[in-house]
Amino acid sequence: MRFDSRIAYMSIAAVAVCVPAHALVYMSVEQAQQLMFPGQSLAALSLRLSADQIAAVEKDAGVKVYPGGLRAWKADQGYFFVDAVIGKHDLITYAVALDADGKVRQVEILEYREAYGGEVRNSHWRAQFTGRHHGDPVRIGKDIQNISGATLSCEHVTEGIRRLLAIYAVAIANA
Amino acid sequence: MLSPLPTPEPHTVRRARPLLGTLVEIAVSDDRHSQEKLHAAVSDAFAEVERVHRLMSFHEATSDLSLVNRHALSRPVRVHADTYKVFEMALNFSWLTQGAFDPTVAAPILESSGYLPSCRTQCDPGADWRDIELLGDTCIRYRRAVRADLGGIAKGFAVDLAVCALAARDIEDVLVNAGGDLRVAGPRSHGVRLRHPVEPLEKAYFLEIKGRALATSAPYFSRRKDASNREMSALVDPVNRMPELDVGSVTVLASDCASADALTKAVLFASREVAERSLAVCGAEACVIK
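Source: prediction; values computed, not measured.

*Asks:* Talk me through the overall build of chain A; I want residue IDs and the actual numbers.
*Replies:* On a plain count of helices and strands, chain A comes out with five helices and nine strands. Secondary structure elements of chain A occur, N-terminal to C-terminal, as β-α-β-β-α-β-α-β-β-β-β-α-β-α. Burial status across chain A gives 37% buried among its 175 residues. Look at the contacts in chain A between residues 6 or more apart in sequence, and 64% of them connect residues 24 or more apart.

*Asks:* Describe the confidence of the model for chain B, naming the residues involved and giving the relevant values.
*Replies:* Mean pLDDT for chain B: 85, with 80% of residues reaching 70 or above. Predicted confidence for residues 1-6 of chain B stays below pLDDT 50, and this span has 15 contacts to residues more than four positions away or in other chains.

*Asks:* Tell me about the nonpolar core, residues and numbers included.
*Replies:* Membership of the largest hydrophobic core comes to 126 residues, with the highest contact counts inside it found for Ala162 and Val252 of chain B. Residue contacts for Val252 of chain B: discarding those within four places in its chain leaves Leu214, Ala215, Ala260, Leu263, Thr264, Val267, Ala284 and Ala286 of chain B.

*Asks:* Provide a residue-level description of the packing of helix H3 (residues 51-61) of chain A against helix H5 (residues 155-173) of chain A, including the pertinent values.
*Replies:* Residues and elements named next belong to chain A. Running from N to C, H3 and H5 cross one another at 135 degrees; their axes reach a closest spacing of 9 Å. What the angle tells us is that H3 and H5 run oblique. Handedness of the H3/H5 crossing: right-handed. Of the residues in H5, those in contact with Gln53, Ala56, Val57, Asp60 and Ala61 of H3 are Arg162, Arg163, Ala166, Ile167, Val170 and Ala171. Considered class by class, the residues forming the contact of H3 with H5 number seven nonpolar, one polar and three charged.

*Asks:* Give me unusual backbone geometry: which residues, what numbers.
*Replies:* Residue and element names in this part refer to chain B. The phi torsion at Leu20 lies on the positive side, around 55 degrees, for a residue other than glycine. Non-glycine residue Gln98 carries a positive phi angle of around 50 degrees. Summarising the element assignment, Gln98 is placed in the loop between helix H3 (81-96) and helix H4 (106-113).

*Asks:* Could you give an account of the pairing of strand S14 (residues 285-289) of chain B, naming the residues involved and the relevant values?
*Replies:* Most of S14 of chain B sits inside the fold, with four of its five residues counted as buried. Summarising the sheet, strand S1 (residues 7-10) of chain A and S14 of chain B pair through four bridges and their orientation is parallel. Pairing of Ala8 of chain A across the sheet is with Cys287 of chain B, part of S14 of chain B. Examined bridge by bridge, strand S13 (residues 249-254) of chain B and S14 of chain B share five bridges and lie antiparallel to one another. When the sheet's bridge partners are listed, Thr251 of chain B is paired in S14 of chain B with Cys287 of chain B.

*Asks:* Run through the sheet that holds strand S7 (residues 90-98) of chain A, naming residues and quoting values.
*Replies:* All names here are of chain A. Pairing is antiparallel in the open sheet, where six strands are placed in the order S3-S8-S7-S6-S5-S4. Either end of the sheet is taken by a strand with one partner, and the two such strands are strand S3 (23-25) and strand S4 (43-45). With direction set aside, neighbouring strand axes in the sheet form an average angle of 25 degrees. As judged from the three bridges shared by S4 and strand S5 (residues 71-75), these two strands associate in the antiparallel manner. Among the inter-strand pairings, Leu45 is bridged to a residue of S5, identified as Ala72. Strands strand S6 (78-86), S7 and strand S8 (104-114) of the sheet are contacted by helix H2 (residues 29-36), whose axis makes an angle of about 160 degrees with S8. Packing of H5 onto the sheet brings it into contact with S6, S7 and S8, and relative to S6 it is tilted by some 135 degrees.

*Asks:* Please set out the packing of helix H5 (residues 154-168) of chain B against helix H6 (residues 257-269) of chain B residue by residue, giving values where relevant.
*Replies:* All names here are of chain B. Two elements in contact, H5 and H6, have axes separated by 7 Å at closest approach and are oriented at 165 degrees. By the angle between their axes, H5 is roughly antiparallel relative to H6. In the packing of H5 onto H6, the handedness of the crossing is right-handed. For the pair H5 and H6, contact is made by Lys155, Gly156, Phe157, Val159 and Asp160 and by Cys257, Ala258, Ala260 and Asp261, respectively.

*Asks:* Break down the environment of Arg188 of chain B for me, citing the residues and quoting the values.
*Replies:* All names here are of chain B. Note that Arg188 resides in the loop between strand S7 (181-185) and strand S8 (190-195). The exposure class assigned to Arg188 is partly exposed, which follows from the 14 C-beta atoms found within 10 Å. Expressed as a C-alpha distance, the spacing of Arg188 and Ile209, which sit 21 residues apart in the sequence, is 8.7 Å.

Cut-offs used in this document
Residues numbered from 1 in each chain as written. Chains lettered and ligands numbered in written order. Predicted model: local features only at pLDDT ≥ 70, side-chain atom pairs only at ≥ 80, totals over all residues. Helix = DSSP H or I, 4+ residues; strand = E, 2+ residues; numbered from the N terminus. Buried ≥ 20, exposed ≤ 12 C-beta atoms within 10 Å, placed from the backbone. Contact = placed C-beta atoms within 7 Å. pLDDT = per-residue confidence, 0-100. Core = buried A, V, L, I, M, F, W, Y, C linked by C-beta atoms within 7 Å. Axes fitted to C-alpha atoms, helices over the stretch in contact; angles between N-to-C directions. Parallel < 35°, antiparallel > 145°, perpendicular 65-115°, else oblique. Left-handed = near helix turned anticlockwise from the far one by under 90°. Nonpolar A, V, L, I, M, F, W, Y, C, P; charged D, E, K, R; others polar. Pairing = 2+ DSSP bridges.

Next comes the structure, spelled out in structure tokens:
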């Protein structure tokens, strides 16, 4: 019996093609600063946490603090941060704008990069991504970079923001 | 050596924010509008997604959904019109798919396996979507102790709201992707990579869509072991109420993303006949990769 089916079945072997890992640069640090604090001048802050401060942040946020991970700027009205978090399969850098009272005003993802297997735990591989814009950013709109079939978790970004707010409270607001 | 920054192409904006438990990406392109105007439109569209996030989060104690789950057994709870609309859509899909899509099945099982925060009151094991009563005037009441989780439809709904917000601002080329629930609008076709069910990071299947929405359900990435070392997945079969593991991935193409999102459950869990009919009613198609 034949009927008009709306469901197509495909086997993995027939459809799969090898793909490069997904990597996307949404915006640069400078672009994020302009978007979040248009027309304002930003001054870099040096964040050197003492052992006591690190302990306080870790207790407050329930997440580990890695030295040197977070970069901070003071804007005319608020603060601007750039941080990177490592997930199970990916590395995400993101920017956060706080208003003058330390409340989150905006979060934007700067870069998203996916890794094969254990690559994400490899410090070499991470080094090409964190801090500066090394690597091979994919040109926006030029490649197929829309993905379905994976609910990418933003758990680590949420944790990172919690840590960032604790650092703000300990090292900036109460400094 | 520093590689070049992303050259911002004129008249194109692509941004992402952590929302709805995933990364939500919005990309727009329109030669008639300035970069500033496109950024403003994208910010407006994100505001829509953020509203859905606030109203329908299962995790946030102050969301509409949490209020309903806490109080609707004892009294009618008035919710935001959008929350009510998503409940309405959810129950319509439950009816259409004969319970294959059921917003009440996931919470009790996922709580016990650590996917969702647990709640003090016990769910009634015999209760299901039919115990959610929509009273009109945006009020909701539960007949029996159920706990709704709108995760299987709210993301798609949020994508639809964002697309509509961009359309209202006369943006020609639009893509909104909430962790794989995505919709495109405009004259251009967009390539989409469907993850390989077994090796999601290495292999994929490509397809192109134009002016449509697409959603995929698959257990990879969310698989984990529970306390007694049974393998768990974030998908739950409404009939035997056990986590679904024996599938590759199901992708549904529909005209709106909320429907595509909900219909993946029809293909996964309904009988072939019910699944075919549900897809036909919505003018949708499915692609199953095993």
